[in-house]
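Now for the letters of each chain:
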Amino acid sequence: MGGAAVILPGTLKGQTTSFSKPLAIPTVLTPTAVDATTDYYNISMEAATKEIVPGLNTTIWGYNGSFPGPTIRAKHNRRVVVRQTNNLSVNTSVHLHGGHTPATSDGHPTDLISPGSFKEYTYPNNQLPTTLWYHDHAMDFTGRNVYNGLAGLYIITDDFEDALPLPKGRYEIPLVIQDRTFNADGSLFYSNTGMTRINGFQGGQVLTNGVIQPYLYVERRKYRFRILNGSNARKYELALSNNQQIIQIGSDGGLLSAPVSLSSIQLSPAERVDVVIDFAETGRGTNIVLRNLLGTGSTSEVIEFRVMPWRYGKDNSKIPSILRQVDRIPPTSASVTRDFTLNVTGGMGGPVFSFNNLPFDPARIDANPQINATEIWVFRNLTQMDHPIHIHDIFWQILDINGNPPSASDMGWKDTFLVPPLATVRVIGKFTDNTGDYVFHCHILEHEDFAIMGQFRVS
Ligand code: C2O
Ligand code: CU
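Residues numbered from 1 in each chain as written. Chains lettered and ligands numbered in written order. Predicted model: local features only at pLDDT ≥ 70, side-chain atom pairs only at ≥ 80, totals over all residues. Heavy atoms only, no water.

Caption draft 1: Molecular detail of the overall build of the protein. Of the regular secondary structure elements, the protein holds four helices and 31 strands. Split into buried and exposed, the 459 residues of the protein put 59% on the buried side. Pairs at least 24 apart in sequence give 78% of the contacts found in the protein among residues at least 6 apart. Element-wise, carbon and sulfur atoms account for 53% of the exposed surface of the protein, whose accessible area totals about 16800 Å². With 37 positive and 41 negative side-chain charges, the protein shows a spacing of 6 Å between the two charge centroids. (Helix = DSSP H or I, 4+ residues; strand = E, 2+ residues; numbered from the N terminus. Buried < 20%, exposed > 50% of the residue type's maximum accessible area, 1.4 Å probe, protein only. Contact = heavy atoms within 4.5 Å. Areas by Shrake-Rupley, 256 points an atom, 1.4 Å probe, with all protein chains shown as cover. Lys, Arg positive; Asp, Glu negative; His and termini not counted. Charge placed at Lys NZ, Arg CZ, Asp CG, Glu CD.)

Caption draft 2: Representation of the coordination of the copper ion (ligand 2). Protein-derived coordination of the copper ion (ligand 2) comes from His387 (ND1), Cys442 (SG) and His447 (ND1), at a distance range of 2.0 to 2.1 Å. Between the donor residues of the copper ion (ligand 2), the gaps in sequence give the motif H-x54-C-x4-H. A residue pair is termed long-range when its members are at least 10 positions apart, and His387 in strand β26 (residues 387-391) and His447 in helix α4 (residues 445-449) qualify at 60 residues. Judged by relative accessible area, which is 0%, His447 ranks as buried. (Donors = N, O, S within 2.8 Å, 3.2 Å for Na, K, Ca; no water.)

Caption draft 3: Quick peek at the nonpolar core. Grouped together as the largest cluster of nonpolar side chains are 30 residues, with contacts concentrated most on Phe225, Ile227, Phe279 and Phe305. Considering every element that reaches this core, the biggest residue donor is strand β22 (residues 301-307), with four residues. Setting aside residues up to four positions removed in sequence, Phe305 forms contacts with Leu216, Val218, Phe225, Leu240, Ile277, Phe279, Thr286, Asn287, Ile288 and Leu290. Within the second largest apolar cluster, 27 residues are counted, among which are Ala103, Trp377, Phe379 and Phe440. (Core = buried A, V, L, I, M, F, W, Y, C linked by side-chain atoms within 4.5 Å.)

Caption draft 4: Here's a closer look at a positive patch on the surface. Together, Arg284, Arg311, Lys314 and Lys318 make up a region of like positive charge exposed at the surface. Positionally, Lys318 belongs in the loop between β22 and β23 (336-347). Classification of Lys318 by relative accessible area gives exposed; the value is 51%. (Patch = residues over 30% accessible without salt bridge, like charges linked within 9 Å, V, L, I, M, F, W, Y side chains within 5 Å. Salt bridge = Lys/Arg side-chain N within 4 Å of Asp/Glu carboxyl O.)

Caption draft 5: View of the sheet that holds β22. Spatially, β14-β22-β21-β16-β19 is the arrangement adopted by the five strands of the open sheet, whose pairing is mixed. Both edges of this open sheet fall to β14 (215-218) and β19 (265-267), since each of them pairs with a single strand only. On average, each strand axis in the sheet is tilted by 25° relative to the strand beside it, whichever way the strands run. Relative to β22, β14 is paired through four bridges, and the arrangement is parallel. Residue pairing in the sheet places Leu216 in a bridge with Phe305 of β22. (Pairing = 2+ DSSP bridges. Axes fitted to C-alpha atoms, helices over the stretch in contact; angles between N-to-C directions.)

Caption draft 6: Summary view of the environment of Met45. Within the secondary structure layout, Met45 lies in strand β2 (residues 38-50). Expressed as a C-alpha distance, the spacing of Met45 and Gln84, which sit 39 residues apart in the sequence, is 7.2 Å. Not counting residues up to four positions away in its chain, the partners in contact with Met45 are Gly62, Tyr63, Gln84, Thr85, Asn86, Asn87, Leu88, Thr92, Val94, Ile113 and Leu150.

Caption draft 7: Seen up close, unusual backbone geometry. Cis geometry is found at the peptide bond from Phe67 to Pro68, where omega equals -5°. Inspection of the secondary structure puts Pro68 in the loop between β3 (58-63) and β4 (69-75). With an omega dihedral of -5°, the bond running from Phe450 to Ala451 counts as a cis peptide bond. Mapped onto the elements, Ala451 comes out in the loop between α4 and β31 (453-458). The phi dihedral of Asn125 falls on the positive side, at around 60°, and the residue is not glycine. Topologically, Asn125 is positioned in the loop between β7 (118-123) and β8 (131-136). For Asn125, a relative accessible area of 1% gives the class buried.

Caption draft 8: Local environment of the pattern of salt bridges. Applying the stated criterion across every chain, the model contains 27 salt bridges. A salt bridge links Glu172 to Arg73; its shortest N-O distance comes to 3.4 Å. With Glu172 in strand β10 (residues 172-182) and Arg73 in strand β4, the pair connects residues that are 99 residues apart, well separated along the chain. Given a relative accessible area of 34%, Arg73 falls into the partly exposed group. Arg272 is the salt-bridge partner of Asp415, the closest N and O atoms lying 2.7 Å from each other. Highlighted residues: Asp415 in the loop between β27 (396-401) and β28 (416-419) and Arg272 in strand β20 (residues 272-278), separated in sequence by 143 residues. As far as burial versus exposure is concerned, Asp415 and Arg272 are alike and both buried. Residues joined by salt bridges that share partners form a network here, namely Arg73, Asp158, Glu161, Glu172, Arg224, Arg226, Asp274 and Arg324.

Caption draft 9: Expanded view of the packing of aromatic side chains. Across all of its chains, the model carries 31 aromatic pairs by this definition. Here a set of aromatic residues connected by ring pairs shows up, and it is made of Phe340, Phe355, Trp377, Phe379, Trp396, Phe417, Phe431, Tyr438, Phe440 and Phe456. Directly above the aromatic system of Tyr121 lies the positively charged group of Lys119, at a separation of 5.3 Å from the ring centroid. Arg221 extends its terminal NZ or CZ atom over the ring of Tyr171, reaching a point 3.5 Å from the ring centre. (Phe/Tyr/Trp six-rings, centres within 6.5 Å; stacked < 30°, edge-to-face > 60°. Lys NZ or Arg CZ within 6 Å of the ring centre and 35° of its normal.)

Below, the structure written as structure tokens:
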């Protein structure tokens, strides 16, 4: 999917893309079968053609040919089995990001589905409800495969959360934010060589749910937005153009103990944030933009909310002052502390990022946690770059960043956390239920592919 002419940020020739198309909402997938314990789904990975740039065709790789893929909605403690069939011409592996998943269903980078074959993934959903996402994880090619479109949402809920008076139904909207660059013919441009191998690939256009800078008509009431940064490498700082506060209610691993009112929210690749925006505070008939304070030109504006002068009925939703208690894990309960440095070294094809100067080797195990052990993992960034670190299997709490406690926003459960340049971040977590081999890695996908990934074996 290469190509010659690269369209730079803000120069989509002759086309107006800013807020010219409505937000699309990924369809919720219907199970193909249901029994007493399990919902069964079938997904086919395939190439499809979409009109993303007005008037042009873009070939994407999508779950069921969608970009992003269809959303799976799961219930806490109710099993989901997904049969993934690979109808693409390359090997794939499907990882449920944030899933507390048996190792055999975790989408290990070497557990590949070859073209024409399928694999069944089993998700027990015995974990806190939250916004997860499933995406490709094929060794060395995750960046390309996700960029081409292999990503979709997976939302777990439970009765407790359903009973909270938060906005629901059509007032609960997922926003998958991704950046892409298009060639002049509409095809996707991707590169992971040269500087993009170092910085990660950042696209020139910001898409939400597969639409470049969409708009959304909203009523004058509260909405809940489940936001995923599904970009390969771009970090966002989201804020509303009228300086209105955004109320954060959850992070990667589900609801926070209490809501946090913020004027902006930083989101590294793979992080999720669950927020409420109250458009009753916005003037009638006003357009406000969700901006990206870290962007320039076309990457500085994400989505436009057009506040309608009315609403349908009364807004009975509320943001409870207590959401779901997050008990902090005491550092004294940890039996093991592991240290990982984040390094960069020169390699034959360009620089290589690694943990402890050891580029990923699927034959090597870098940590051996015992089941039910609580451990502290320390990440010391010796590079001048951000690295958002993701650890499979369990959720973690951030103990400190350079010795300082995290902000209220990061006091919840995390599976992906930013390790800023030259910083040290300590996290604590408990290895429960699952044994087997899992990976941890930087979620700048070009870094993951070259080769800042390690492996742990829970036994
Ligand atoms: Cu979201 Cu190992 O990945
Ligand atoms: Cu990195």
